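Chains, contacts and geometry: an overview
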Amino acid sequence: FNEIDMSAVKALRARHQDAFVARHGVKLGFMSFFTRAVISALEVVPQLNHEIRGQDIIERDYKDIGIAIGGGKGLVVPVMRNAELLSLAGIELTIADYAARAQTKKLDLSELEGGTFTISNGGVYGSLLSTPIVNPPQSGVLGLHAIQDRPVVIDGEITVRPMMYVALTYDHRLVDGREAVTFLKHVKDCVE
């Protein structure tokens, strides 16, 4: 677990939202920032992008990121193929497409298979803190939670900041605690 000060991302979104929507036809959400942060963290801790298949460890140099989305009858996890090649706009457009098609049950089964890592945002439903479940054969899942204004100490002064708890669940056969903390701290640093 860790917590992320969302001040910088919120300010960036407020500053660029109108231009982003005008240019791309989709809102600049939080998920694209977290997806880019996860991609960067997977470069630092590649074990979280691996899987165990039988007695073998399968290593990947691509990032097929599953994004948990509320569908018509529950949660589905469509996969953004080669997410490392997508811009923030590309990520947001892909998520918007998946979300629209999830509501109408138009996702293809092939779009739900083969992810190498998952991001789940329980915060959109009000979750403050939870432990997401790894989607086998993946070795990790990042859980995002609700953003809340909380008092924090910065430079010895108490101030209020928009804070988000994040959680990483991982397969301990591939990832140890040091690597997990390194990954989660890297995500935090990227977003902040």
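Residues numbered from 1 in each chain as written. Predicted model: local features only at pLDDT ≥ 70, side-chain atom pairs only at ≥ 80, totals over all residues. Heavy atoms only, no water.

Focus: the sheet that holds strand S4 (residues 65–67)
The strand order S1-S10-S9-S8-S4-S7 describes an open sheet built from six strands, whose pairing is mixed. Looking at which strands have only one partner, the edges of the open sheet turn out to be strand S1 (2–5) and strand S7 (79–80). With 13 bridges connecting them, strand S9 (residues 140–154) and strand S10 (residues 157–170) associate as antiparallel partners. In the sheet register, Arg150 faces S10, and the bridge partner there is Arg161. The strands that helix H2 (residues 30–44) touches are S1, S4, S7, strand S8 (117–121), S9 and S10; relative to S8, the one it contacts most, it runs at about 150 degrees. (Pairing = 2+ DSSP bridges. Helix = DSSP H or I, 4+ residues; strand = E, 2+ residues; numbered from the N terminus. Contact = heavy atoms within 4.5 Å. Axes fitted to C-alpha atoms, helices over the stretch in contact; angles between N-to-C directions.)

So, the pattern of salt bridges
The tally for this structure, following the rule as stated, stands at 11 salt bridges. Residue Glu43 is joined to Lys63 by a salt bridge in which the shortest nitrogen-to-oxygen separation is 2.3 Å. One end of the pair, Glu43, is in helix H2; the other, Lys63, is in the loop between strand S3 (56–58) and S4, and 20 residues separate them in sequence. Overall, the relative accessible area of 53% leaves Glu43 in the exposed class. A relative accessible area of 4% means that Lys63 is categorised as buried. Its salt-bridge partner being Arg60, residue Glu51 comes within 2.1 Å of it at the nearest N-O pair. (Salt bridge = Lys/Arg side-chain N within 4 Å of Asp/Glu carboxyl O. Buried < 20%, exposed > 50% of the residue type's maximum accessible area, 1.4 Å probe, protein only.)

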